[in-house]
Amino acid sequence: MKMLTGILLSIACALVQAEQRPAQDKIVIGQSVELSGEATGKENMEGALAYFAWVNAQGGIYGRKIELKSYDDKRKPETTRLNTEKLLKEDNALALFGYRSTPTVEAVLPLLLSEKVPLVAPFSGGQSLHQPFNPYLFNLRASYQAETAKMIELFGSLGIRKVAILYQDDSFGKDGLAGFQRNLAAHKLSPLLIASYDRKDLKVEQAVSAIAAANPQAVLMACTPSACADFVKQMHKKGAHPTFMMLSNVSSETFFESLGDDGRGVSVMQVMPYPKDFAAPATREFQSVLKSMAKPPPASYSAFEGFVAAKLLTEGLRRAGPNPTRPKLIAALETIRDYDLGGVRVSYSPDNHDGSTFVEMIMVGKRGAILH
């Protein structure tokens, strides 16, 4: 009897230890993002990697290292879907993270529901990622609708009345267009002209000719970084110098540098504090981690957003406990209430995954310098 009791006690102890011991030596987080084209996705990924590396160097989460496994999707929705299936079925990713661009995120929304897997901090403010509510999607950044509201509020205070709109003809651009139109109407304004370009070829020549002829005081822009930069340069060549106002999706070191002297006076909405402003604790932490790296990413807005997003996900993993599962991680993230990530406050609940409401506008100075 004593022998049987001892055996049962040993089995019970082993089961308890197995429950407390990590099932694997790493936590795999999956990402599909544009790595071979626009720089914003790559910089966002590099910022996240910097934070995860710092966490891993401190021992990880309950002794487990975080591994961010990223695949290039070239900003193509079908490739994004295939990458995501691979991440879930072959790489056994616990969660998805940091996807970029509204159409590519939209391509995997059905997979989130069918696989019951969370996607944390997509690099997009598309309204389709906020409404209707998706229980597996956790936004960090404010929506493009919030950006357009702030943009129009700010230019209204400058006495600007004559505006044109440039948008990319896809779900992202149309989301920005809807925000521009709704907020202009709220201020009893109508655009002089609305012009678009095709997402597939990014050619803006026709839009340049039409908007330059309309002679607006400002152009509100929902476009990809290369198209935005090309548009500004072509407008200047025509002798047109309105105020250019863009959504935050363009923000990368490469974009600001690509503008050169044409960037002077360009305004860009931002959903993160200025990465080189040491007033915010997260920016000090970001700069400290970058200084410790042999090959750090640029101290750009997009890299900083990736860094803050990684900090958010890490907090969720910490709250999920030593053996996180997808349901545990979702439940853990939903316990985050008015949590300060170091200058960016985030809140979630079981019926609200909107995250942060932080929005501000910056201006570009000489040779791509940020005037904050």
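Just above, that's the structure.
We now turn to the structure provided with this report. (Residues numbered from 1 in each chain as written. Predicted model: local features only at pLDDT ≥ 70, side-chain atom pairs only at ≥ 80, totals over all residues. Heavy atoms only, no water.)

**Here we look at the overall build of the protein chain**
Spelled out, the test is: The way it works is that DSSP assigns letters per residue, a run of H or I at least four long becomes a helix, a run of E at least two long becomes a strand, and they are numbered from the N terminus. Three labels apply to residues, based on accessible area from a 1.4 Å probe with only protein chains included: buried if under 20% of the type maximum, exposed if over 50%, partly exposed otherwise in between. Residues are treated as being in contact if the distance between any of their heavy atoms lies within 4.5 Å. In this description, accessible areas are obtained by the Shrake-Rupley approach with a 1.4 Å probe, and a residue is regarded as covered only by the protein chains that are shown. Charge counting treats Lys and Arg as positive and Asp and Glu as negative, with His and both chain ends excluded. By convention, the point assigned to a charge is CZ for Arg, NZ for Lys, CD for Glu and CG for Asp.
Within the protein chain, the secondary structure is distributed over 12 helices and 15 strands. With respect to the three principal axes, the spread of C-alpha positions in the protein chain is 95 × 40 × 35 Å. Looking at the protein chain residue by residue over its 372 residues, the buried ones come to 54%. Once local pairs closer than 6 in sequence are excluded, the contacts in the protein chain between residues at least 24 apart make up 68%. Accessible surface, the protein chain: about 16,000 Å² in total, of which carbon and sulfur atoms supply 54%. Looking at the protein chain, you have 42 positive and 38 negative side-chain charges, and the mean spots of the two groups are 2 Å apart.

**Re helix α7 (residues 205–214)**
Here is the rule: The arc under discussion is defined with respect to the helix axis, by the directions toward the C-beta atoms.
Residues of α7 that are buried: Ala207, Val208 and Ile211. Mapping the buried residues of α7 onto a view down its axis gives an arc of 100°, with all of them on the same face. More than 90 degrees from the buried face of α7, the exposed residues found are Gln206 and Ala213. Following α7 by one or two positions, Asn215 adopts a phi angle in the positive range, close to 55°.

**So, the environment of Ile29**
With respect to the helices, strands and loops of the structure, Ile29 is situated in strand β1 (residues 26–33). Under the relative-accessibility criterion, Ile29 is labelled buried at 0%. When the C-alpha positions of Ile29 and Ala212 are compared, they lie 46 Å apart, and in sequence the two are 183 residues distant. What Ile29 contacts, discounting residues up to four positions off in sequence, is Ile66, Glu67, Leu68, Lys69, Ala93, Ala95, Phe97 and Leu313.

**Here we look at the packing of α7 against helix α8 (residues 225–237)**
Heads up, the rule is: In this description, a line fitted to the C-alpha atoms serves as the axis of each element, helices being fitted only across the stretch in contact, and the angle between N-to-C directions of two axes falls anywhere from 0 to 180 degrees. These descriptions rest on fixed angle ranges, namely under 35 degrees for roughly parallel, over 145 for roughly antiparallel, 65 to 115 for roughly perpendicular, and the rest for oblique. Definitions for this section: a left-handed crossing has its near helix turned counterclockwise from the far helix by less than a right angle. A right-handed crossing has that turn clockwise. Polarity classes work like this: nonpolar for Ala, Val, Leu, Ile, Met, Phe, Trp, Tyr, Cys and Pro, charged for Asp, Glu, Lys and Arg, and polar for all others, with Gly in that last group.
The N-to-C vectors of α7 and α8 enclose an angle of 50°; their axes lie 10 Å apart at closest approach. Comparing their axes, α8 and α7 come out oblique. The two elements α7 and α8 cross, and the hand of that crossing is right-handed. Side by side, α7 and α8 meet where Glu205, Ala207, Val208, Ile211 and Ala212 of the first sit next to Phe231, Gln234 and Met235 of the second. In terms of residue class, the contact of α7 with α8 is made up of six nonpolar, one polar and one charged.

**Description of the nonpolar core**
How we decide: Residue types Ala, Val, Leu, Ile, Met, Phe, Trp, Tyr and Cys, when buried and joined through side-chain atoms within 4.5 Å, form a set referred to as a nonpolar core.
Membership of the largest hydrophobic core comes to 88 residues, with the highest contact counts inside it found for Phe97, Leu140, Leu166, Met221, Phe231, Phe244 and Met246. Formed by 22 residues, the second largest nonpolar core is a distinct cluster that contains Leu177, Leu184, Leu220 and Val271.

**Some thoughts on the state of the cysteines**
For clarity, the cut-off: For this text, the term disulfide refers to a pair of cysteine sulfurs within 2.5 Å.
Across all of its chains, the model carries one disulfide by this definition. Covalent S-S linkage joins Cys223 and Cys228, the inter-sulfur distance amounting to 1.9 Å. On the S-S bond that ties Cys223 to Cys228, the torsion sits near 90°, and the link is right-handed. Looking at Cys223, the relative accessible area reads 0%, which means it is buried.

**Here's the deal with the side chain of Ser267**
Relative to the helices and strands, Ser267 resides in strand β10 (residues 267–270). Taking the relative accessible area as the measure of exposure, Ser267 reaches 2% and is therefore buried. With sequence-adjacent residues up to four places away left out, Ser267 is seen in contact with Phe244, Met245, Met246, Met361, Ile362 and Met363.

**Quick notes on the sheet that holds strand β11 (residues 339–340)**
Note on sheets: strands pair through backbone hydrogen bonds, and any given pair is parallel or antiparallel. The criterion, for reference: Note on pairing: two strands pair once DSSP finds at least 2 bridges between them.
Read across the sheet, three strands follow the order β11-β12-β13 without closing on themselves; strand pairing throughout is antiparallel. Two strands in the sheet have a free side with no partner beyond their single neighbour: β11 and β13 (352–355). Here two bridges tie β11 to strand β12 (residues 345–349), and the two strands are oriented antiparallel to one another. Directly across from Tyr339, in β12, lies its bridge partner Val346.

**Thoughts on the sheet that holds strand β8 (residues 218–222)**
Ordered in space as β7-β6-β8-β9-β10-β14-β15, the seven strands form an open sheet in which the pairing is mixed. Because the sheet does not close on itself, it has two edges, and the strands there are β7 (193–197) and β15 (370–371). Across the sheet, helix α5 (residues 144–156) is in contact with β6 (163–168), β8, β9 (243–246), β10 and β14 (360–364); its angle to β10 comes to roughly 135°. Sheet contacts for α7: β6, β7 and β8; angle to β7, the most-contacted strand, approximately 165°.

**Side note on the pattern of salt bridges**
This is how the line gets drawn: We define a salt bridge as a contact between a side-chain nitrogen of Lys or Arg and a carboxyl oxygen of Asp or Glu at a distance within 4 Å.
Summed over all chains, the structure comprises 18 salt bridges. Among the salt bridges present, the one from Lys26 reaches Glu67, with a minimum N-O distance of 2.9 Å. Of the two residues, Lys26 sits in strand β1 while Glu67 sits in strand β2 (residues 65–72), which places them 41 residues apart along the sequence. Given the relative accessible area of 23%, Glu67 is considered partly exposed. The residue Glu285 makes a salt bridge to Lys311 at a minimum N-O spacing of 2.8 Å. Here Lys311 lies in helix α11 (residues 301–320) and Glu285 lies in helix α10 (residues 281–291), a separation of 26 residues in the sequence. The structure contains a network of salt bridges with shared partners spanning Lys26, Glu67 and Lys69.

**Remarks on the pairing of β12**
The loop that links β11 with its antiparallel partner β12 comprises four residues; one of these, Gly342, has a positive phi angle of about 110°. Relative to β13, β12 is paired through two bridges, and the arrangement is antiparallel. Bridge pairing in β13 places Ser347 opposite Gly355. In textbook terms, the turn of a hairpin is the stretch between consecutive antiparallel strands, and for β12 and β13 this stretch comprises two residues.

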